[in-house]
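# Residue-level structural notes
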Amino acid sequence: MRNPLQKRSARDLSARGKAAAYALMLFWSLIVVFPLYWLAVTSLKNPIQVTTGPYYVPFVDFQPTLSNWTYMLIDKGSETLRPLGNTVIVGLSSSVLALTLGSLAAYGLTRFRYRPRVGVIALGIGVIALACVSMVLGVPPALAFTVAVAVFVILRLYMGRRFRRTLGNDDIAFFLISQRILPPVAVVIPIYVLFQRLGLLDSLLALIVTYAATNLPIVVWFMSDYFAGVPIELEEAAQVDGASPYRIFWSIILPVARPGLVATFLLVLVFAWNEYLLALFLATTNAATMPLMVAAQNATRGPQYWYMAVLNMIMIIPVIVFAVILERYITRGLLTGAVKG
Amino acid sequence: MDPETRPRGRVLGALKAEWGNPSVARNLFLWPALLVVLGLALFPLVASLVLAFSFFSFSEGGFSLRWVGLDNFANIVSGPQAIIYLGRLEAPSPLGWVVFLGGSALVAWAMWRTIRSGRVRPIGLLLRGVGAAAVIAFLWLFVQTVFAPGGFSGSLVTTLIYTFVGTGVEYLLGLGLAMLTIQGLSGQKFFRVLFLIPMTITPVGVAYMFRMLIDTSLGPFSPIWQALGLTQFSPFSDVWAARACIIIGDVWQWTPFMFIVLLAALEGRDLEIEEAGLVDGASRWQSFRHITLPGLVPVSATVVFIRMIEAFKIIDLPNIMTNGGPGTATETVSMQAYLSWRGFDLGGSAALAYTLLIVVTLVSLSYVTLVLRRARANAIGTSVGRGSGS
């Protein structure tokens, strides 16, 4: 959308105002760009140039070298490329997974009414707690799990009808969103044990599933705001024509919501791409991602800034390319629903 | 669906009919997401709670847990972890007393007004009372560590300082930048993309980057430090300078998030009221103050909330930039929990994480009831969105 302000002379900035606005924007650009410039320059310095004092401009006050790049990309080849590949795979697949599950749930929450019973939820939580406690007390996990499911199903069948109080969509949405409040350190140890038991520690699958779960709340949050802004008349017309809910979702809602999907995808991708803490716990060598590689450039004699800079540049470039290509979607798609209420 | 109309005798047909059943479809939309969240958030949360009450040790072929009750939590508030978590408590200075008494009076006054208004149910009053007590307790801890000679603050106070200062500064900067890039100046598209970039960099990378930049003898600003005669001084060896550095890194990275969401809101707003105001002779400042800003309240409340709950989890910056130093001055609760985990004190780690969870939940609930709901309900011409704050 073009900015409507542009056409109106009443709101045009005075010449002085324009100059001030440009000055401020340039000032902030400098703040944004200078650290990145320093990073890029550092990646072209050899260790001696880094440790003997600040040199600012390549060819002017120091002789740039590509040796850090060749060392990282060719000499250490697979050691760098594997984490990069892992980051790409984990980032993209976890984002796609989060976006798929999250927008399905968000759509469900904006268009259908759910009335889960309080009693059933309490029962579920109670059973999970019981299973955990019994596992701690030494019951084998498989047995605890089976018994828990059985108890839940039986009690649900025979007592479920007694619980009358229900919750609404807003409560479910709040529950999903509140998962984002959880500090990862509070949940990562059991997740670690879970994946260890499943033999999935240090595997891409573990990271993909975990990232998808941590980013799901963000997707539900943004997308349900977005879907709420899509007029319902379109869907009603399709419903009259006999389209199934899936078809409506797939052929009507998703195309309309594309800006929102793209913007949310980008945001979630950035989170997954850069995630550090969970990877620190769940991945060691095989599934190591780039943030771990960057963090690992801390040798005994101090940080190896030159290699760190190279790795950082490698990580930044794809995301910036993505952001530039998808720029027009970003402001249009982010929180459009929230803006309108 | 009516059983009579179901194609009989064909399993596939029956399945198909079931699939098209609206109540089944309804569940198919929601349950996949719920299952993932239940499996990877709720289950670990419960398991973590059990861990927080246990002593963890490795044994043959695995590990064993021994129930220790509240020992792990006692360690945090009065045991070996206390000096890191709470800091060193001393008698507050006169200024500390002023801050504490002033803050407490403010909280008490707000409580009194709520009771007087009579609009809050007893359960709400009880919860608000708990919240107020928590705020006063935190204030007491705050003045005893920050405004006290000889005292220093622990990871709990540090985390909250990072969160509130960082979020506040990021909001103001983000709002300013968003206002700058909707003025229709040529080249604003370029600036928009440029301003987004810091957000796309891994926090670990940002931490190293700022470590380089802030270095007083080898960083790019060393001539300035030299001119000031401060080459021997390292910001990372001074408690508050090191904390400021971490906040600067956080602000650099996350201002773009505030910027982009506020920009989306400003782009999507209705311009007619502003136009009418201008025709009536309102100045630019008046129109911003009385029309644009109130219109931004719901989005602002939401975006501040999102950023705040993310900021509580900060670990990468202090871990890489300062290693928690000097001493433990820049450590956050998340980082302390991580270090406990690395020291194989899994029970202690879980207990620390749980204290953080309790703090975050208290802050979030207060924020949602006191700010977010009100902001989104009062918005002119808008209704409360489904997802947020409901």
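## Points about the packing of helix α8 (residues 188-196) of chain B against helix α11 (residues 239-268) of chain B
Residues and elements named next belong to chain B. For the pair α8 and α11, the least separation of the axes is 9 Å and the interaxial angle reads 145 degrees. Touching R192, F195 and L196 of α8 are P256, F259, I260, L263 and E267, all from α11. Broken down by class, the residue content of the contact of α8 with α11 amounts to six nonpolar, no polar and two charged.

## A word on a nonpolar patch on the surface
Residues and elements named next belong to chain A. On the surface, F145, V149, V153, I154, L157 and Y158 cluster together into a nonpolar patch covering about 660 Å² of accessible area. By secondary structure assignment, the location of L157 is in helix α6 (residues 141-159). Relative accessible area serves as the criterion here: at 55%, L157 is assigned to the exposed category.

## Some details on the interface of chain A and chain B
Contacts between the two partners involve 115 residues from chain A and, on the opposite side, 115 residues from chain B. Buried surface at the junction of chain A and chain B, both sides included, amounts to about 10,800 Å², of which 76% is carbon and sulfur. Inspection of the region where chain A meets chain B yields one salt bridge. The shortest N-O distance in the salt bridge between B:E310 and A:R180 comes to 2.5 Å.

## Structural notes on α8(B)
At 3.6 residues per turn, the α-helix brings residues three or four places apart onto the same side. α8(B) sits mainly inside the fold: seven of its nine residues count as buried. Those residues of α8(B) lying buried are B:Q188, B:F191, B:R192, B:V193, B:L194, B:F195 and B:L196.

## Quick word on the pattern of salt bridges
Applying the stated criterion across every chain, the model contains seven salt bridges over all chains. Between A:E79 and A:K76 there is a salt bridge whose closest N-O contact spans 3.7 Å. Ionic pairing is found between B:D250 and B:R307, a salt bridge with its closest N-O pair at 3.3 Å. Of the two residues, B:D250 is situated in helix α11 and B:R307 in helix α13 (residues 284-311); the sequence distance between them amounts to 57 residues. Its relative accessible area of 8% is what places B:D250 among the buried residues.

## Quick word on the confidence of the model for chain B
Residues and elements named next belong to chain B. Averaged over all residues, the pLDDT of chain B equals 83, while 91% of them reach at least 70. Taking the mean pLDDT of every element in chain B, the minimum, 63, falls on helix α1 (residues 11-20) and the maximum, 95, on helix α7 (residues 155-180). In the predicted structure, residues 1-8 sits below a pLDDT of 50 and forms eight contacts with residues beyond four places in sequence or in another chain. Per-residue pLDDT stays below 50 along residues 380-390; that stretch engages in 31 contacts with residues further than four places along the chain or on separate chains. For this predicted complex, the interface score ipTM comes out at 0.84, alongside a pTM of 0.86.

So, how was this worked out
- Residues numbered from 1 in each chain as written.
- Chains lettered and ligands numbered in written order.
- Predicted model: local features only at pLDDT ≥ 70, side-chain atom pairs only at ≥ 80, totals over all residues.
- Heavy atoms only, no water.
- Axes fitted to C-alpha atoms, helices over the stretch in contact; angles between N-to-C directions.
- Helix = DSSP H or I, 4+ residues; strand = E, 2+ residues; numbered from the N terminus.
- Contact = heavy atoms within 4.5 Å.
- Nonpolar A, V, L, I, M, F, W, Y, C, P; charged D, E, K, R; others polar.
- Patch = residues over 30% accessible without salt bridge, like charges linked within 9 Å, V, L, I, M, F, W, Y side chains within 5 Å.
- Areas by Shrake-Rupley, 256 points an atom, 1.4 Å probe, with all protein chains shown as cover.
- Salt bridge = Lys/Arg side-chain N within 4 Å of Asp/Glu carboxyl O.
- Buried < 20%, exposed > 50% of the residue type's maximum accessible area, 1.4 Å probe, protein only.
- Buried area = accessible area lost by both parts, 1.4 Å probe.
- pLDDT = per-residue confidence, 0-100.

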